[in-house]
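Below are the chains, spelled out letter by letter.
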Amino acid sequence: QVQLVESGGGLVQPGGSLRLSCAASGIIFSAFSMAWYRQVPGKERELVAHITSTHSTNLANSVKGRFTISRDNSKNTVYLQMTSLKPEDTAVYYCNAGWRQSLPYNYWGQGTQVTVSS
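Residues numbered from 1 in each chain as written. Predicted model: local features only at pLDDT ≥ 70, side-chain atom pairs only at ≥ 80, totals over all residues. Heavy atoms only, no water.

Caption draft 1: Up close: the nonpolar core. By size, the foremost hydrophobic cluster in this structure holds 28 residues, and its most contacted members are Met 34, Trp 36, Val 78, Leu 80, Met 82 and Tyr 93. Elements supplying a minimum of two residues to this core: strand E3 (18-25), strand E4 (33-39), strand E5 (46-51), strand E7 (67-72), strand E8 (77-82), strand E9 (91-98) and strand E11 (112-116). (Core = buried A, V, L, I, M, F, W, Y, C linked by side-chain atoms within 4.5 Å. Buried < 20%, exposed > 50% of the residue type's maximum accessible area, 1.4 Å probe, protein only. Helix = DSSP H or I, 4+ residues; strand = E, 2+ residues; numbered from the N terminus.)

Here it is as structure tokens:
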């Protein structure tokens, strides 16, 4: 049974930082590509970042220079380091995992809320 469990969301002031984590189980983590999506009510889910099994990364233009995606295969965990946060980054952030698939991948976490507000 595949499980993706996100953590690290919360309330932060504009300009602040947060690190999201997604712990995976039930998969051969090192072989899977991982991604982070976000969604606000009334809008489609948006790809934020993804990282392949070979650690190749890609970031959405809206977060380049502010967010970093990384993975620790020894911990079966993918991270999203978010800095210089803006109110428009407010969303529910979802972890996404897949093997030899196109985005979006098959497996989803339950999401974690990130709110950027003063």
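Caption draft 2: A look at the state of the cysteines. Tallied over the full model, the rule gives one disulfide. Two residues, Cys 22 and Cys 95, share a disulfide whose sulfurs are 2.1 Å apart. In this structure, the disulfide formed by Cys 22 and Cys 95 twists by about -80° around the S-S bond and is classed as left-handed. You can see Cys 22 sitting in strand E3 and its partner Cys 95 sitting in strand E9, a full 73 residues away along the chain. As far as the burial class goes, Cys 22 and Cys 95 line up, both buried. (Disulfide = S-S within 2.5 Å.)

Caption draft 3: Examining the pattern of salt bridges more closely. In this structure the tally under the stated criterion is three salt bridges. Linking Arg 38 and Glu 46 is a salt bridge whose minimum nitrogen-to-oxygen distance equals 2.8 Å. Note on Glu 46: relative accessible area 33%, which makes it partly exposed. Here Arg 66 and Asp 89 are joined by a salt bridge, their closest N and O atoms 2.7 Å apart. You can see Arg 66 sitting in the loop between strand E6 (57-59) and E7 and its partner Asp 89 sitting in the loop between E8 and E9, a full 23 residues away along the chain. On the accessibility criterion, Arg 66 (10% relative accessible area) is buried. Given the relative accessible area of 0%, Asp 89 is considered buried. Members of the salt-bridge network, linked through shared partners, are Arg 38, Glu 46, Arg 66 and Asp 89. (Salt bridge = Lys/Arg side-chain N within 4 Å of Asp/Glu carboxyl O.)

Caption draft 4: Expanded view of the side chain of Thr 52. Residue position: Thr 52 is located in the loop between E5 and E6. A polar contact of 3.0 Å, which involves the side chain of Thr 52, links it to the side chain of Thr 54. Residues in contact with Thr 52, not counting those within four places in the same chain, are Phe 32, Ser 33 and Arg 71. (Polar contact = N/O pair within 3.5 Å; in protein donor to acceptor, adjacent residues only side chain to side chain. Contact = heavy atoms within 4.5 Å.)

Caption draft 5: Up close: the packing of aromatic side chains. Summed over all chains, the structure comprises three aromatic pairs. Aromatic side chains Tyr 94 and Trp 108 sit 6.4 Å apart centroid to centroid with 85° between the ring planes, which places their arrangement in the edge-to-face category. With Tyr 94 in strand E9 and Trp 108 in strand E10 (residues 107-108), this pair connects stretches of sequence that are 14 residues apart. Of the residues examined, Trp 108 reaches a relative accessible area of 32% and is grouped as partly exposed. Positioned over the ring face of Tyr 94 is Arg 45, at 3.7 Å from the centre of the ring. Above the plane of the ring of Phe 29 lies Arg 71, whose end atom (NZ or CZ) is 4.6 Å from the centre. (Phe/Tyr/Trp six-rings, centres within 6.5 Å; stacked < 30°, edge-to-face > 60°. Lys NZ or Arg CZ within 6 Å of the ring centre and 35° of its normal.)

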